[in-house]
Amino acid sequence: MPGFWRFARDVHTGGQAFAGLASRAVGAPDDPSTEILPAAEPAEVTPAPTLIGRSLGKFTVVEKLGRGGSGEVFRAEQAQLGRSAVIKVLRHEVANAPNRVERFLREAKLASRLDHPYAAHVYAFGAEPDGVLGIAMEHVRGMTLDELVARRGAMPASVFGPLFARLCECVH
């Protein structure tokens with residue numbers, strides 16, 4: 001396992017192991033001979049195996065928290081340090097689409113550079129031998145923005161303005 005998960009500090013040095021995986025999967029972006037072809041229509045999409053109970057690096061997946069356009073988010077435990085984390089995993093059925101692995105790598109790099117009290121910290125990222133790609137990060141407890149809006153309705157400008165200003169501080 002140690003060879004497949006790199007700590008977030010490796011992202012700052014280029015994340016060579018992960019970058020190599022990305023270029024093998026989608027071709028080197030600066031190579032003029034690389035041709036990005038449209039995604040083939042899958043004959044049949046096989047469901048991804050469940051990750052609950054599985055170890056990804058030094059993290060054990062505990063439960064699924066959500067799903068987005070290209071990823072799924074799981075709560076995990078890092079027993080060695082006694083902490084909870086979340087792992088965003090590139091979904092099985094989109095991993096072969098053009099540029100998806102490269103975009104996932106770029107997301108890991110950008111997220112690892114955020115160093116602000118309002119930003120979740122990246123703990124690790126990597127690839128498992130079977131091709132599962134993941135970004136492990138700080139598990140921030142609390143209400144999501146969607147939950148807040150659903151519970152309280154639209155935010156007045158006097159509340160939204162300061163919140164938005166704090167969010168902008170994270171990416172400045």
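Our subject is the structure listed above.
Here the structure is a predicted model, which means the values were calculated and not measured.

Rules and cut-offs
Residues numbered from 1 in each chain as written. Predicted model: local features only at pLDDT ≥ 70, side-chain atom pairs only at ≥ 80, totals over all residues. Heavy atoms only, no water. Buried < 20%, exposed > 50% of the residue type's maximum accessible area, 1.4 Å probe, protein only. Helix = DSSP H or I, 4+ residues; strand = E, 2+ residues; numbered from the N terminus. Pairing = 2+ DSSP bridges. Disulfide = S-S within 2.5 Å. Core = buried A, V, L, I, M, F, W, Y, C linked by side-chain atoms within 4.5 Å. Patch = residues over 30% accessible without salt bridge, like charges linked within 9 Å, V, L, I, M, F, W, Y side chains within 5 Å. Areas by Shrake-Rupley, 256 points an atom, 1.4 Å probe, with all protein chains shown as cover. Salt bridge = Lys/Arg side-chain N within 4 Å of Asp/Glu carboxyl O.

What follows covers the pairing of strand S5 (residues 83–90). Most of S5 sits out of view: six of its eight residues are buried. Adjacent in sequence and paired antiparallel, strand S4 (residues 71–78) and S5 are bridged by four residues, among which Gly82 carries a positive phi angle near 65°. Where S5 and strand S7 (residues 133–138) come together, five bridges link them in antiparallel fashion. Residue pairing across strands places Ala85 opposite Glu138, the latter belonging to S7.

Within the structure shown, the criterion is met by zero disulfides. In this structure Cys168 is a free cysteine whose sulfur lies 8.8 Å from that of Cys170, the closest cysteine sulfur available. What makes Cys168 partly exposed here is its relative accessible area of 34%.

The subject of this paragraph is the nonpolar core. Within the largest apolar cluster, 14 residues are counted, with the highest numbers of intra-cluster contacts made by Leu90, Phe104, Val122, Phe125, Leu133, Ile135 and Met137. Looking at this core, the elements that each hand over two or more residues are S5, helix H3 (100–113), strand S6 (122–127) and S7. By size, the runner-up hydrophobic cluster in this structure holds 13 residues, among which are Leu51, Val61, Tyr123 and Ala136.

Quick look at a nonpolar patch on the surface now. The grouping of Phe160, Phe164 and Leu167 at the surface amounts to a nonpolar patch, some 290 Å² of accessible area in total. Position of Phe160 relative to the elements: it lies in helix H5 (residues 157–171).

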